[in-house]
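Summary of structural features
So you can see what is in the structure, the chains are spelled out below.
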Amino acid sequence: MSESVPWRDPSLSPDDRVEALLAAMTTEEKLAQLGAHWPRVVAEAQAEGADVAPMQSAFQAGHRPFEEAAAHGLGHLTRVFGSEPVEPAEGVRRLAGYQRHLAERTRLGIPAIAHEECLTGFTTLGATVYPAAIAWGATFDPGLVRRMAAAIGHDMRGVGVHQGLSPLLDVVRDYRWGRVEETIGEDPYLVGTLGTAYVRGLQEQGVIATLKHFAGYSASRAGRNHAPVPIGPREFADVILPPFEMAVREGGVGSVMNSYADIDGLPAAAHHGLLTGVLRDEWGFTGTVVSDYWAVAFLDLMHRVTASRADSGALALRAGIDVELPATDAYAQVADLVPVELIDRAARRVLRQKIALGLLDPDWRAAPAETGGGGTDLDPAGNRAIARELAEKSVILLDNHGALPLPATACRIAVTGPCADDPRTLLGCYSFPNHVLSRYRERGTGLPVDSLLTALRAELRDADIEYARGVAVLDPDPAGIPAAVEAAERADVCVAAVGDLASLFGRGTSGEGCDAADLRLPGAQAALVEALLATGTPLVLVVVSGRPYALGAFADRCAAVIQAFLPGAEGGAAVAGVLSGRVNPSGHLPVGVPNHHGGQPGTYLAPPLGRFSEGVSNLDPSPRYPFGHGRSYTEFRYEDLTLSAGDIPVDGELAVEVTVRNTGALDGEDVVQLYLSDHTAQITRPVRELVGYARVALAAGAAARVNFRLHADRTSFTGVDHRRVVEPGTFTVAVGHSSEDLPLTCDFAITGTTRVLTGARVLTTPVEVSAVG
């Protein structure tokens, strides 16, 4: 194709270039831009039942060679790096080869957008594995999450990747759901602010972020993957949608991926009101909607709302899905079923992104200039420093009865539990070691990952540490418990590391398709903990998991309790640092920790009847440790809560100020949390909801003044007539250490008449922190 064609002229506007290219394309070429090709679907993996996407093996028969799939061009290339162990240099070479083929051997020479997974880092061999998203939530630190995402984006763009399939903005509604580890937490404001920070970090490196999963996926019945979502419209609008809206309106995200679930019977992949009405018409989204893998085919294969694959493609295209992933199937068959205007609409969106990425510029090159097709370090020291900081700030001290920090002098420590000496238990299900290398056991983790035991031995060099595993993560066999008990009996203190091994589709205890029947510790781990408690040796319980487990049966009898949510490649050292006292713990719970394992788990974001009602029900759903909870080795005190006004109009704003003081002997960091309660409303409202937070670092004895700017829009909700309103009335703001530990409160009023919100609204609560002399 001649370089003089208008769509390759950067002096023209992007829209003019797109329209010129569309005018030159055949229908087959346009449809090719709406699909993808997965270059390698690992045959041996399917033979072992080790799919990395739902029902992957079911689509193997229809897999086409690259040359055939790319005959008319190609919209996306799927996971060239992230499907099997590929050294970075080889991945660059492969991707460049596919791109050269598209540029040189198709009529129009349009390269593809290369996408990869990147939830815990670039999901490829040897790349840094960061903490799971649930651990980001525990940091309450948007700036740190943004820095992590920027590092991930830098690595991906450096090897020729254009789009990352992250972040996941599903709000936790049921702890039994296997994908809790991939979420940021159970509060929409926390999820939205940290998720938007991730979007900004990734996209400032030139990599398109992709919001997952739009929308409602996490509210599935009984916490089962892909189960129906029988959610009401108000919960959907006020809990599920706000993080996505924030990432679209404030983060400027470039892509959105649909949910697999059906919402009150309508699959998200066929939901025009959601994918077009809400996303584009209401929020002004201008990027591309990509399907979750095979979600279009699932319309006929699983949901049964269409009779054929072609009908599925037509339905999804009409609803607003622009690109079918991971491979072209249904969209190749829709030419006679939809008007060309719909095909043009989707193709226009894809081509606009390709122009923005520079793929149609004259100086485009198939291999990134900085690598020259050669090797690149995807696990540099700078990445490790960010991973370490994230891990350290995410570890949560739930309880401490004087056992921690562990003595610096020589002591006898028994270390036991399935998460003590298995590095993979520190990593999320979308980390490359668990996602792909689990079927290449000879490759290990693919990068250095110290287990907790290894890190603790390095941390406490003078201690006498004896290790006995006790039990496996999932195996119910208790045969190893006696040896662990004997080690505990010989020790001054016992550290028991229990929890999860993340994997996929039932091959682990946490992760996609690894849902839980209840919230007991998996396998024989509870029996191990009980046996260790019975020794009388002080027990430090360390839970390394992707979801919260019920700890009410153990917590009061433990000398200390730590929660580490899959803290990544630097997680062993981070937990060891907290145990030794080198790290002053500062993580706070992004989800509650249940007291008992049964019943329907509920999150803190509940109306009055969602809480314990004495005399009404004998079942108390109160958590053992509430949302926002987290202790430190120092003490923080809150003082002097003030409001700038006693009342504001329905479109007004007030300042909420509080002083936080480190009254202990150690430097530390606290998370100051601001909650709102609505005294009376036209519909039931949460007892309290998080509306602001600030992570504050304070030297021993120091204090800071924290100023929140709370706009009336932050009190809004979906009213009786399903319109979002700000309603006059009385409200309470509360500041504290968690959703239940709120020492300071103050009331204010909103005056005037009910205000209906349409279009943009204030989605965040700005906060400033200043030192107090």
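So, here is what we can say about the structure in this document. A quick note: this is a predicted structure, and the numbers were derived from the prediction, not measured.

Considerations on unusual backbone geometry
With an omega of -10°, the peptide bond between Lys212 and His213 qualifies as cis. Among the secondary structure elements, His213 is positioned in strand E5 (residues 208-214). Geometrically, the link from Phe214 to Ala215 is a cis peptide bond, its omega value of 0° lying close to zero. With respect to the element layout, Ala215 can be found in the loop between E5 and helix H9 (233-240). Even without a glycine there, the phi angle at Phe505 is positive, about 50°.

Comments concerning the sheet that holds strand E26 (residues 755-756)
Strand order in the open sheet made by the three strands is E22-E23-E26, with antiparallel pairing throughout. Two strands close off the open sheet at either side, each with one partner strand: strand E22 (717-718) and E26. The pairing of E22 with strand E23 (residues 724-726) spans two bridges and is classified as antiparallel. Within the sheet, the bridge partner assigned to Thr718 lies in E23 and is Arg724.

Quick notes on helix H19 (residues 525-534)
The complete set of buried residues in H19 reads Gln525, Leu528, Val529, Leu532 and Leu533. Buried residues along H19 cover an arc of 130° about the axis, so they all sit on one side. Summarising the contacts, the buried residues of H19 are in contact with strand E11 (412-416), helix H18 (481-489), strand E13 (493-499) and strand E14 (539-544). Looking one or two residues beyond H19, the residue adopting positive phi is Gly536, at roughly 85°.

Focus: empty space enclosed by the protein
On inspection of all chains with the given rule, the structure shows five cavities of 30 Å³ or more. If you add up the space inside the second largest cavity, you get close to 50 Å³. Lining the second largest cavity we find Met25, Glu29, Gln33, His72, Gly73, Thr106, Arg107, Leu108, Gly109 and Ile110. In terms of residue class, the lining of the second largest cavity is made up of three nonpolar, five polar and two charged.

Side note on the sheet that holds strand E2 (residues 76-78)
With parallel pairing, the seven strands of this open sheet are ordered in space as E1-E2-E3-E4-E5-E6-E9. The open sheet terminates on both sides in strands that have one partner only, identified here as strand E1 (36-37) and strand E9 (288-290). Pairing analysis gives three bridges linking E5 to strand E6 (residues 255-258), with the strands arranged parallel. Along E6, the bridge assignment pairs Phe214 with Asn258. Each of strand E4 (163-164) and E5 is contacted by helix H8 (residues 188-203), which is oriented at about 150° to E5, the strand it contacts most.

Structural notes on the packing of helix H17 (residues 452-459) against helix H20 (residues 571-580)
How two helices sit against one another is set out by the angle between their axes and by the gap between those axes. It is the contact of H17 with H20, at a shortest axis distance of 8 Å, that shows an interaxial angle of 45°. As judged from the angle between their axes, H17 and H20 are oblique. Here the hand of the crossing between H17 and H20 comes out right-handed. Residue-level contacts link Leu452, Ala455, Leu456 and Glu459 of H17 to Gly572, Ala573, Val575, Ala576, Gly577, Leu579 and Ser580 of H20. Of the residues that constitute the contact of H17 with H20, the class distribution is seven nonpolar, three polar and one charged.

Brief notes about the pairing of strand E20 (residues 689-698)
E20 sits mainly inside the fold: nine of its 10 residues count as buried. Pairing of strand E19 (residues 668-678) with E20 involves nine bridges; the strand directions are antiparallel. Bridge pairing in E20 links Val672 to Ala694.

A look at the state of the cysteines
Under the definition given, this model contains zero disulfides. Cys118 forms no disulfide, and the closest cysteine sulfur to it belongs to Cys429, at a distance of 13 Å. Between Cys514, a cysteine without a disulfide, and Cys429, which holds the nearest cysteine sulfur, the sulfur-to-sulfur distance is 7.2 Å. With a relative accessible area of 2%, Cys514 lands in the buried category.

Quick notes on the packing of aromatic side chains
Taken as a whole, this structure holds 17 aromatic pairs when the rule is applied. Judged by centre distance (5.1 Å) and plane angle (10°), the ring pair of Trp136 and Tyr198 falls under stacked. Taken together, the residues Trp136 in helix H6 (residues 133-139) and Tyr198 in helix H8 connect sequence positions 62 residues apart. Judged by centre distance (5.3 Å) and plane angle (90°), the ring pair of Phe140 and Tyr693 falls under edge-to-face. Of this pair, Phe140 sits in the loop between H6 and helix H7 (142-158) while Tyr693 sits in strand E20, and the two are 553 residues apart along the sequence. Aromatic rings pair up to connect Phe140, Tyr189, Tyr604, Phe627, Tyr675 and Tyr693 into one cluster. Directly above the ring of Tyr430 sits Lys212, whose terminal nitrogen or CZ lies 5.3 Å from the centroid.

Details of the pattern of salt bridges
Across all of its chains, the model carries 49 salt bridges by this definition. One continuous salt-bridge network, built from bridges that share partners, spans Asp141, Arg147, Glu389, Lys393, Glu669 and Arg695.

How each quantity is defined
- Residues numbered from 1 in each chain as written.
- Predicted model: local features only at pLDDT ≥ 70, side-chain atom pairs only at ≥ 80, totals over all residues.
- Heavy atoms only, no water.
- Helix = DSSP H or I, 4+ residues; strand = E, 2+ residues; numbered from the N terminus.
- Pairing = 2+ DSSP bridges.
- Buried < 20%, exposed > 50% of the residue type's maximum accessible area, 1.4 Å probe, protein only.
- Arc of directions from axis to C-beta.
- Contact = heavy atoms within 4.5 Å.
- 1 Å grid on protein atoms, 1.4 Å probe; cavity = no way out; pocket = protein on both sides within 12 Å on 5 of 7 lines; lining within 4 Å.
- Points joined across faces, edges and corners; volume = space filled by probe spheres on them.
- Nonpolar A, V, L, I, M, F, W, Y, C, P; charged D, E, K, R; others polar.
- Axes fitted to C-alpha atoms, helices over the stretch in contact; angles between N-to-C directions.
- Parallel < 35°, antiparallel > 145°, perpendicular 65-115°, else oblique.
- Left-handed = near helix turned anticlockwise from the far one by under 90°.
- Disulfide = S-S within 2.5 Å.
- Phe/Tyr/Trp six-rings, centres within 6.5 Å; stacked < 30°, edge-to-face > 60°.
- Lys NZ or Arg CZ within 6 Å of the ring centre and 35° of its normal.
- Salt bridge = Lys/Arg side-chain N within 4 Å of Asp/Glu carboxyl O.

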